[in-house]
Amino acid sequence: MSGSRKLLILGGIALALWGMGYGTWYAVFAEHQALDGIGASLAAAFDASASRNPGEAETAFSKYREAKYIYDRQVDVHGHWIGLAMLLIVVGMAFDRVRFAEPHKLVLACALLAGAAIFPFGVLLQTFDHGAIPRGIAILGSGLVIAALLAITLGIAGGEAPAE
Amino acid sequence: MAFSRSTDKEETGEMQASGFAPLSARRLLVLGGIGLILVGMLFGDIFAVFVLHQNAARVGASLAAAAHAALAGDHSAVLASFQDVGSFLENRGTKVDTHVHLIDFGYLALMLAVLQPWIAFEEKAKRGFAWLFLGGAALLPIGVFLIHHVGLAYSPLQTIGWASIFADLGGLLVILATLGFLLGLVNHFRSRVPAHVKDGLLSDRSTSGRLLLGGGMVLVLAGFLHGAYYAAVDLYRHEALDSSILTETAKAAAANDADTVDRSLEAYGQLQGDKAVKIAAHAHSIEFGLLAMMLAFFQPYVRLRESWKIRWAYVLILGSVLLPVCVLLELRYGLAAGGLADFGGLLVILALLAMWIGILRYPGQLDSQAGDAG
């Protein structure tokens with residue numbers, strides 16, 4: 001098995017384990033609290049409206065907005081880490097069909113693995129900081145994944161590579 | 001299966017891993033994996049037609065009832081409406097989870113099937129892990145499906161019902177089986193001289209395999225590009241709108257403005273629809289792409305004429321393109337686009353079923369495919 005192929009398959013398995021571990025931690029320690037917070041703040045907002053209290057409703061909506069922002073991203077992080085891990089493993093299995101020299105394939109494998117790890121990490125950072133840096137990290141990660149996938153697609157389309 | 005740790009060939013660092021005997025771990029995982037994906041897709045179709053839309057309407061109606069209760073200053077009706085929303089969302093959430101877990105376990109089974117030659121255990125142990133995996137992969141979705149209907153009936157625990165307990169047990173079985181396979185993989189790479197595995201599946205270069213692999217890569221890439229576009233253009237706008245519409249609804253209710261409440265609720269429904277179709281198109285494009293790529297590896301085991309294998313590969317790719325594209329067009333063209341999207345899903349299911357039957361007919365060794373029947 002070539003180095004690039006091994007990197008993708010083992011990296012994919014490691015990322016899948018990491019994503020599953022994160023999902024398990026989240027489901028046990030955070031998800032129910034987050035969902036309770038979203039539901040309670042939304043109900044509180046409408047209850048405040050029933051009391052004709054717009055100030056309290058606005059406060060409850062701010063809590064809802066923040067809780068939902070964090071919840072959506074944490075679920076996305078879990079899903080994207082595992083989804084990208086599956087992609088790494090499948091692309092790794094097919095990597096002998098990419099018609100590039102091994103050093104170039106190693107660069108592509110590194111870019112794909114780095115992007116798959118960085119992109120959800122940037123999304124996760126957004127739950128702590130709504131600024132430009134976490135968003136930039138997520139964009140860098142997704143850019144790496146897309147660029148690597150584009151190159152791999154061209155490598156597969158470029159002709160038939162011999163079996164490893 | 002030709003591979004075991006004690007064979008002479010491994011000691012010389014060379015392995016031949018083309019066996020696909022009946023009830024071998026690889027065959028169990030391939031047939032079970034495709035079977036799980038098929039059941040998951042059929043369940044998804046049935047769920048979408050008979051449950052999803054009706055449930056979304058009920059959630060919308062309960063939210064509207066909450067807004068109108070706020071308008072009338074009725075606190076207990078607000079609370080009751082939100083309890084209804086919670087119940088409808090639990091029903092929807094568990095059905096979506098059933099669909100997603102069936103399909104994802106199917107994908108995992110296919111990946112484990114490809115890795116079998118590198119799992120350094122005796123075939124009997126691998127077969128045991130495969131049965132364990134498939135048992136857990138069936139038990140978890142059944143348990144999740146029943147959570148909403150069984151509730152806490154006869155449960156020995158205060159907050160977790162029997163359905164959840166069995167779902168968790170299913171998850172545990174899947175984790176144990178996967179860890180077992182991973183241990184075998186680690187054994188392989190840790191052995192003094194790791195065996196060089198020659199696997200006929202990975203060296204296959206048939207037209208149907210190349211079509212599925214190339215088409216799958218393009219679908220995955222398209223899904224990623226669409227996801228990036230969604231994140232750049234729609235994600236933050238949708239989040240801001242979600243919050244601002246609900247705020248407007250509550251403020252209008254506090255101000256006794258029934259017209260604005262109704263207008264806001266309509267806008268909220270449209271926003272949820274817009275979000276749902278864009279995320280569904282992104283996710284389905286990538287998932288179908290991955291499925292096509294994984295099926296590319298198993299084409300040597302599909303006992304059909306090459307011309308039919310190519311036709312089914314085209315059908316699968318066509319359905320995989322049609323579904324996400326038509327889902328995206330649903331908001332603009334309504335039922336016509338929705339019908340075409342369902343037709344795309346049906347094409348994928350038919351192609352998958354044809355390949356599954358082809359694999360079921362496969363006699364045993366890759367070498368024997370020269371005489372394959374159509």
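Remember, predicted model here, so these are calculated numbers, not experimental data. (Residues numbered from 1 in each chain as written. Chains lettered and ligands numbered in written order. Predicted model: local features only at pLDDT ≥ 70, side-chain atom pairs only at ≥ 80, totals over all residues. Heavy atoms only, no water.)

### With respect to the overall build of chain B
To be explicit about the condition: Helix and strand assignments come from DSSP, with helices taken as H or I runs of at least 4 residues and strands as E runs of at least 2, each series counted from the N terminus. Think of it in three bands: with a 1.4 Å probe and only protein chains considered, a residue is buried below 20% of the maximum accessible area for its type, exposed above 50%, and partly exposed in between.
When you go through chain B residue by residue, the secondary structure sums to nine helices and two strands. Beginning at the N terminus, the succession of helices and strands in chain B can be written as α-β-α-α-α-α-β-α-α-α-α. The C-alpha extent of chain B, read off along each of the three principal axes, is 85 × 50 × 35 Å. The proportion of buried residues among the 374 residues of chain B is 51%.

### Examining the overall build of chain A
Keep this limit in mind: In this setup the radius of gyration rests on C-alpha atoms only. A globule is expected at 2.2 Å times the number of residues raised to 0.38. In this analysis, two residues are considered to be in contact whenever any of their non-hydrogen atoms come within 4.5 Å of each other. For accessible areas, the Shrake-Rupley method is used with a probe of radius 1.4 Å. Any residue's cover is judged against the shown protein chains and nothing else. By the counting scheme adopted, Arg and Lys are positive, Glu and Asp are negative, and His together with the chain ends is not counted. Note that the charge is assigned to NZ on lysines, CZ on arginines, CG on aspartates and CD on glutamates.
For chain A, the count of helices and strands is four helices and zero strands. The linear arrangement of helices and strands in chain A, starting from the amino end, is α-α-α-α. Radius of gyration (C-alpha) of chain A: 21 Å, far over the 15 Å computed for a compact globule of 164 residues. By its C-alpha atoms, chain A is 75 × 30 × 20 Å across when sized along the principal axes. A burial count over chain A gives 48% of its 164 residues as buried. For chain A, long-range pairs separated by at least 24 residues make up 77% of all intrachain contacts whose partners lie at least 6 apart in sequence. Taken as a whole, chain A presents about 7100 Å² of accessible surface, with 72% of it coming from carbon and sulfur. Seen as two clouds, the 11 positive and the 13 negative side-chain charges of chain A have centres 7 Å apart.

### Structural notes on the interface of chain B and chain A
Threshold: Accessible surface is computed with a 1.4 Å probe, and the buried area is the amount of it that two parts give up when combined, taken over both parts together. By definition here, a salt bridge exists when the distance from a side-chain nitrogen of Lys or Arg to a carboxyl oxygen of Asp or Glu is within 4 Å. N or O atoms within 3.5 Å of each other form a polar contact, as long as, within protein, one can give a hydrogen and the other can take it, and as long as residues adjacent in sequence are counted only when both atoms are side-chain atoms. Each residue receives one of three labels: charged for Asp, Glu, Lys and Arg, nonpolar for Ala, Val, Leu, Ile, Met, Phe, Trp, Tyr, Cys and Pro, and polar for the others, Gly being one of them.
Counting residues at the interface gives 52 residues for chain B, matched by 47 residues for chain A. Interface of chain B and chain A: buried area, both sides summed, is about 4400 Å²; carbon and sulfur atoms make up 73% of it. The three residues of chain B that bury the most area against chain A are Arg205, Met217 and Phe224 of chain B, which together make up 14% of that side's buried surface. Where chain B meets chain A, there are two salt bridges. Between Asp96 of chain A and Arg205 of chain B there is a salt bridge, and its shortest N-O distance comes to 3.0 Å. Applying the counting rule to chain B against chain A returns 10 residue pairs in polar contact (both at pLDDT 80 or more). Within the side of chain B that touches chain A, the residues separate by chemical class into 36 nonpolar, eight polar and eight charged.

### Some remarks on a negative patch on the surface
For the record, the criterion: Patch membership requires more than 30% relative accessible area and the absence of a salt bridge. Residues of like charge join within 9 Å; the nonpolar side chains Val, Leu, Ile, Met, Phe, Trp and Tyr join within 5 Å.
Where like charges cluster on the molecular surface, the negative patch consists of Asp257, Asp259, Asp262 and Glu266 of chain B. Counting through the fold element by element, Asp259 of chain B comes out in helix 7 (residues 258-297).

### Focus: helix 4 (residues 123-150) of chain B
Two residues of an α-helix separated by three or four positions point the same way, owing to the 3.6 residues in each turn. Residues and elements named next belong to chain B. Using the following cut-off: Helices are assigned an expected span. That span is 1.5 Å times one less than the residue count.
Helix length check: helix 4 (28 residues) gives 39 Å between terminal C-alpha atoms against 40 Å at 1.5 Å per residue, within 8%. For helix 4, the full list of buried residues reads Glu123, Lys126, Ala130, Phe133, Leu134, Gly136, Ala137, Leu140, Pro141, Gly143 and Val144. Where helix 4 is buried, its residues contact helix 2 (25-71), helix 3 (75-115) and helix 5 (162-190).

### Let's talk about the domain arrangement of chain B
Residue and element names in this part refer to chain B. For clarity, the cut-off: Segment limits for the domains were obtained from an automatic or database-derived domain assignment.
According to the domain assignment, chain B contains domain 1 (20-194) and domain 2 (205-365). Of note, the centres of domain 1 and domain 2, computed from C-alpha atoms alone, are 20 Å apart. Counting residues at the interface gives 25 residues for domain 1 and 31 residues for domain 2. Surface buried jointly by domain 1 and domain 2 totals about 2500 Å² across both partners, of which 77% is contributed by carbon and sulfur atoms. On the domain 1 side of the contact with domain 2, Phe20, Leu71 and Tyr107 bury the most area, a combined 25% of that side's loss. For the pair domain 1 and domain 2, the number of links is zero salt bridges. At the junction of domain 1 and domain 2, the tally comes to five residue pairs in polar contact (both at pLDDT 80 or more). Counting only elements with at least two residues in the side of domain 1 that touches domain 2, the list comes to helix 2 and helix 3. In terms of residue class, the side of domain 1 that touches domain 2 is made up of 20 nonpolar, two polar and three charged.

### Looking at empty space enclosed by the protein
Which entries qualify depends on this criterion: The method works on a 1 Å grid over the protein atoms by themselves. A cavity is a set of points holding a 1.4 Å probe that cannot get out, a pocket is an open set with protein on both sides within 12 Å along at least five of seven lines, and residues with an atom within 4 Å of a point line them. Grid points are joined across faces, edges and corners, and a volume is the space filled by probe spheres set on the points.
Evaluated as defined, the whole model comprises one cavity of 30 Å³ or more. One number sums up the size of the largest cavity: a volume of about 30 Å³. Where the lining of the largest cavity is concerned, the elements lending two or more residues are helix 1 (3-50) of chain A together with helix 3 of chain B. Here the residues of the lining of the largest cavity are counted per class, giving seven nonpolar, no polar and one charged.

### Notes on the nonpolar core
Rules: We call a set of buried residues a nonpolar core when its members are Ala, Val, Leu, Ile, Met, Phe, Trp, Tyr or Cys and they connect through side-chain atoms within 4.5 Å of each other.
Membership of the largest hydrophobic core comes to 112 residues, with the highest contact counts inside it found for Phe133, Leu291 and Phe298 of chain B. When we break this core down by domain, the ones giving at least three residues each are domain 1 (20-194) and domain 2 (205-365) of chain B. Core analysis: the second largest hydrophobic core is formed by 31 residues, Ala43 of chain A together with Leu63, Leu71 and Leu265 of chain B among them.

### Things to note about the side chain of Ser320 of chain B
Residues and elements named next belong to chain B. Within the secondary structure layout, Ser320 lies in helix 8 (residues 306-333). Within polar-contact distance, the side chain of Ser320 engages the backbone oxygen of Leu316 at 2.7 Å. Once you skip the residues sitting within four places of it in the chain, Ser320 turns out to touch Leu219, Phe288 and Val348.

### Considerations on the packing of aromatic side chains
Using the following cut-off: We call Phe, Tyr and Trp rings a pair once their centres come within 6.5 Å, taking the six-membered ring for Trp, and we label the pair stacked below 30 degrees between planes, edge-to-face above 60, and tilted otherwise. Each ring is checked for a lysine NZ or an arginine CZ that lies within 6 Å of its centre and within 35 degrees of its normal; such an atom marks a charge sitting over the ring.
The tally for this structure, following the rule as stated, stands at 16 aromatic pairs over all chains. Both rings, one in Tyr22 of chain A and one in Trp81 of chain A, keep their centres 5.7 Å apart while their planes meet at 75°; by these two values the pair is edge-to-face. Note that Tyr22 of chain A is positioned in helix 1 and Trp81 of chain A in helix 2 (residues 54-93), a separation of 59 residues in sequence. Per residue, the accessibility class of Tyr22 of chain A equals that of Trp81 of chain A, and both read buried. Taken together, the ring pairs connect Trp18, Tyr22, Trp25, Tyr26 and Trp81 of chain A into an aromatic cluster. The ring of Tyr69 of chain A has Arg73 of chain A sitting right over it, with the charged end atom 3.6 Å from the ring centre. Over the aromatic face of Phe145 of chain B sits the side chain of Lys95 of chain B, whose NZ or CZ is 4.8 Å from the ring centroid.

### What about the environment of Leu132 of chain B?
All names here are of chain B. With respect to the secondary-structure elements, Leu132 resides in helix 4. For the pair formed by Leu132 and Phe343, sequence separation is 211 residues and the distance between their alpha carbons is 35 Å. Sequence-distant contacts of Leu132, defined by excluding residues within four places in its chain, comprise Leu173, Leu176 and Ala177.

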